[in-house]
Amino acid sequence: MDTKDSNGNLLEDGDNVHVTKDLKIKGMSKTLKRGNVIKNIRLTGSPQEVECRVGKAQIVLKTQFLKKA
């Protein structure tokens, strides 16, 4: 299983990614704005999702909204 970003680049554990679209996060009042950098992602069992930490919250994001930095 290869995990790829929105441009087709391979993602690996520990990569940094940019958010390509404003995303509302369920359960949080915070919105991830386009262009935010998320550091140190972790791959999950699904090739369409990655796990990351935003602030103190642990969230799962879809790779279609991410671009490798």
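Scope of this entry: the structure provided in the associated data block. Keep in mind that what you see is a predicted model, and the values were worked out from it rather than measured. (Residues numbered from 1 in each chain as written. Predicted model: local features only at pLDDT ≥ 70, side-chain atom pairs only at ≥ 80, totals over all residues. Heavy atoms only, no water.)

### Structural notes on the pairing of strand 7 (residues 57-62)
Consecutive residues of a regular strand have side chains that alternate between opposite faces of the sheet.
Alright, step 1. Direction of pairing for strand 6 (residues 49-54) relative to strand 7: antiparallel, over a ladder of 6 bridges. Each bridged residue has a counterpart across the sheet, and for valine 50 the counterpart in strand 7 is leucine 61.
Alright, step 2. The hairpin formed by strand 6 and strand 7 contains 2 residues between the paired strands, and glycine 55 there has a positive phi angle of roughly 65°. (Pairing = 2+ DSSP bridges. Helix = DSSP H or I, 4+ residues; strand = E, 2+ residues; numbered from the N terminus.)

### Examining the sheet that holds strand 8 (residues 66-68)
Alright, step 1. Reading across from one edge, 4-1-8 is the order of the 3 strands in this open sheet, with antiparallel pairing throughout. Taken across any chain shown, the strands that pair with only one partner, and hence form the sheet edges, are strand 4 (37-38) and strand 8.
Alright, step 2. In this structure, strand 1 (residues 17-19) lies alongside strand 8, joined through 3 bridges in antiparallel fashion. Opposite valine 17, over in strand 8, you have lysine 68 as the bridge partner.

### Things to note about the nonpolar core
Alright, step 1. Core analysis: the biggest nonpolar cluster contains 14 residues, and Leu32, Ile38, Ile41, Cys52, Ile59 and Leu61 have the highest contact counts within it.
Alright, step 2. Every element with two or more residues in this core is listed here: strand 1, strand 6 and strand 7.
Alright, step 3. Top element by residues in this core is strand 6. It accounts for 3 residues. (Core = buried A, V, L, I, M, F, W, Y, C linked by side-chain atoms within 4.5 Å. Buried < 20%, exposed > 50% of the residue type's maximum accessible area, 1.4 Å probe, protein only.)

### Some thoughts on the pattern of salt bridges
Alright, step 1. If you walk through the whole model with that rule in mind, you get 2 salt bridges.
Alright, step 2. Salt-bridge contacts for lysine 68 lead to aspartate 15; the nearest nitrogen and oxygen are separated by 3.5 Å. Highlighted residues: lysine 68 in strand 8 and aspartate 15 in the segment before strand 1, separated in sequence by 53 residues.
Alright, step 3. In this structure aspartate 15 comes out as buried when scored by relative accessible area, which is 14%.
Alright, step 4. Arginine 42 is paired through a salt bridge with glutamate 51; the nearest N and O atoms lie 3.9 Å apart.
Alright, step 5. Given the relative accessible area of 26%, glutamate 51 is considered partly exposed. (Salt bridge = Lys/Arg side-chain N within 4 Å of Asp/Glu carboxyl O.)

### Brief notes about the sheet that holds strand 5 (residues 42-43)
Alright, step 1. On the basis of which strands lie adjacent, the open sheet formed by 3 strands has the order 5-6-7 and antiparallel pairing. Two strands lie at the open edges of the sheet, namely strand 5 and strand 7, each paired on one side alone.

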